[in-house]
Amino acid sequence: MNKSFAITLVLALTAVLTAACGGNNAGNNNAATATNSGSNNATASNDASATDAGAATDAPSELSGTIKVLTQRTDYVNDGTFDRYAAEFKKKYPNAKVEFEGLTNYATDIQVRLTTGEAGDVLMIPAGLATSEYSKYFEPLPDEWFNNVYFADNTLFDGKRYGLSTGVNTQGIVYNKKAFAAAGIDKAPTTLDELYADAEKLKAAKITPLYMNYGAQWPMGNWGDGSAWYVNGDPQFATKQVSEEAPFQLDNAWGTLATIGRTFVEKGYVEKDLYTNNWEMSKGEVASGKAAMYFLGNWVIPQIIGAGAASEDIGFFPLPYDNSGKYNAPLGSDYFVAVSKDSKNKDLAKAWVEFFVKESGYVEDSGFMPIDKSAQSSIPQLAEFQSYNPTLIESEATDPKYNEIANKAQIGIGTGDYVQEYIVADDLKAAFDKLNKKWKDAKTALGY
């Protein structure tokens, strides 16, 4: 997507915003209406590939049985939101039952579930899994589902698509305006120096400047693979690393993000208790103004509102990762939802996937932009975000070799574990050297 088209798109999506919506539970692991969810109004086709992928049955209301859905949205499991979706689904399929299991550390736990055959019937595709592995774990989806949607080819491998985006996200700093005002800050920062200066004012006012959620692990990916590609300005940034022997450098996007994150930790601009998973608690901290900022996607906005904040008190601006006053921001997908290869009720599982993305309301409740390119968003904070004129860069599929190398090297792309290490390491260059050695050794072992 070129810059002008991307900006026009988001302006169109934000022009009719009214009020922010509902909740969410995990950062890059957070289904919220802004990166991979949406109302897909594609019409069905009768081509052979759609039939091979498993199109809906002629009599969908006759579908029956029980399916289990594994999800990162533990909040929606606990507060009854998913039960509400299931009740609506049952109106369409009276003989069907949907059960849910929430995984607190989804990005890591789901990898184990996949290898043990305990991934349920429907699940979210983990970010660290190479597309070349998809056919081992997931069932192909009907081609007609992917007409006029964002990220249609991100799960494409050997002519088959395995996952449907649950919503379109962008990423930046979500902040509490009352906390800013209490610290004497009257406008959002537009340079890195201003961001640091504002963090110092917030700290002086006894307000946690930024809740990093180090202990939850998955949010740490935003200080690494979750953001490096758009900070670099290239959606093929990760793919190009396949040909590199030492991608982790102080003077590239990896170093830029790591240095900012480390500065926030070193200067005490983040939560004091780094090592405890306080994800759920942190939403109340930001909602109340005890903490001022998150570096996350727009999906978290309805969760903060759900924790007690007024919508008008929550704002959103691009991360100012340097002092240029100009910035890139991503247009990317949230989790992709898929049907397990091991499901014993694949037709019902596919019916749930289509309902979940198109009809359940999950996209809106989660704060995402819809995946349907002709649909409109309803998140007012996106209008503020767009007012800073970021260059929006649409994410693209990554060469499977990238994840294969990372997995071989035990560098947890999508999990945040390796980012935790270098954010608190005594020497960032030494930490990067260690990662580069693991990367080079894995490349060599794989013959890449």
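First, a word on what this report is: a plain description of the structure on this page.

Calculation criteria
Residues numbered from 1 in each chain as written. Predicted model: local features only at pLDDT ≥ 70, side-chain atom pairs only at ≥ 80, totals over all residues. Heavy atoms only, no water. Helix = DSSP H or I, 4+ residues; strand = E, 2+ residues; numbered from the N terminus. Buried < 20%, exposed > 50% of the residue type's maximum accessible area, 1.4 Å probe, protein only. Contact = heavy atoms within 4.5 Å. Core = buried A, V, L, I, M, F, W, Y, C linked by side-chain atoms within 4.5 Å. Patch = residues over 30% accessible without salt bridge, like charges linked within 9 Å, V, L, I, M, F, W, Y side chains within 5 Å. Areas by Shrake-Rupley, 256 points an atom, 1.4 Å probe, with all protein chains shown as cover. Salt bridge = Lys/Arg side-chain N within 4 Å of Asp/Glu carboxyl O. Lys, Arg positive; Asp, Glu negative; His and termini not counted. Charge placed at Lys NZ, Arg CZ, Asp CG, Glu CD. Polar contact = N/O pair within 3.5 Å; in protein donor to acceptor, adjacent residues only side chain to side chain.

**Digging into the overall build of the protein**
For step 1, the next point in the chain: Per the secondary structure count, the protein includes 19 helices and 16 strands.
For step 2, the next point in the chain: Here the protein holds 448 residues, and the buried ones make up 59% of them.
For step 3, the next point in the chain: Counting only contacts in the protein whose residues sit at least 6 apart along the sequence, the fraction spanning at least 24 positions is 82%.

**Focus: the nonpolar core**
For step 1, the next point in the chain: In this structure, Phe89, Phe138, Tyr294, Ile304 and Trp352 are the most contacted members of the largest nonpolar core, which totals 78 residues.
For step 2, the next point in the chain: No other element matches helix H14 (residues 346–358), which puts 8 residues into this core.
For step 3, the next point in the chain: Residue contacts for Tyr294: discarding those within four places in its chain leaves Gly172, Ile173, Val174, Leu210, Tyr211, Asn213, Trp279, Ser282, Lys283, Val286, Val300 and Ile304.
For step 4, the next point in the chain: Formed by 60 residues, the second largest nonpolar core is a distinct cluster that contains Leu319, Ile393, Ile423 and Phe432.

**Side note on a positive patch on the surface**
For step 1, the next point in the chain: The grouping of Lys203, Lys206, Lys267 and Lys272 at the surface amounts to a positive patch.
For step 2, the next point in the chain: Structurally, the position occupied by Lys267 is in the loop between helix H11 (253–266) and helix H12 (279–288).
For step 3, the next point in the chain: We classify Lys267 as partly exposed; its relative accessible area is 44%.

**Observations regarding helix H17 (residues 400–408)**
For step 1, the next point in the chain: Within H17 the residues assigned to the buried category are Pro400, Tyr402, Asn403, Ile405 and Ala406.
For step 2, the next point in the chain: The elements touched by buried residues of H17 are strand E6 (156–157), helix H10 (237–240), H11 and helix H19 (428–446).
For step 3, the next point in the chain: The N-capping residue of H17, defined by a side-chain oxygen 2.9 Å from the backbone nitrogen of Lys401, is Asp399.
For step 4, the next point in the chain: Downstream of H17 by a residue or two, Gln410 has a phi angle that is positive, lying close to 60 degrees.

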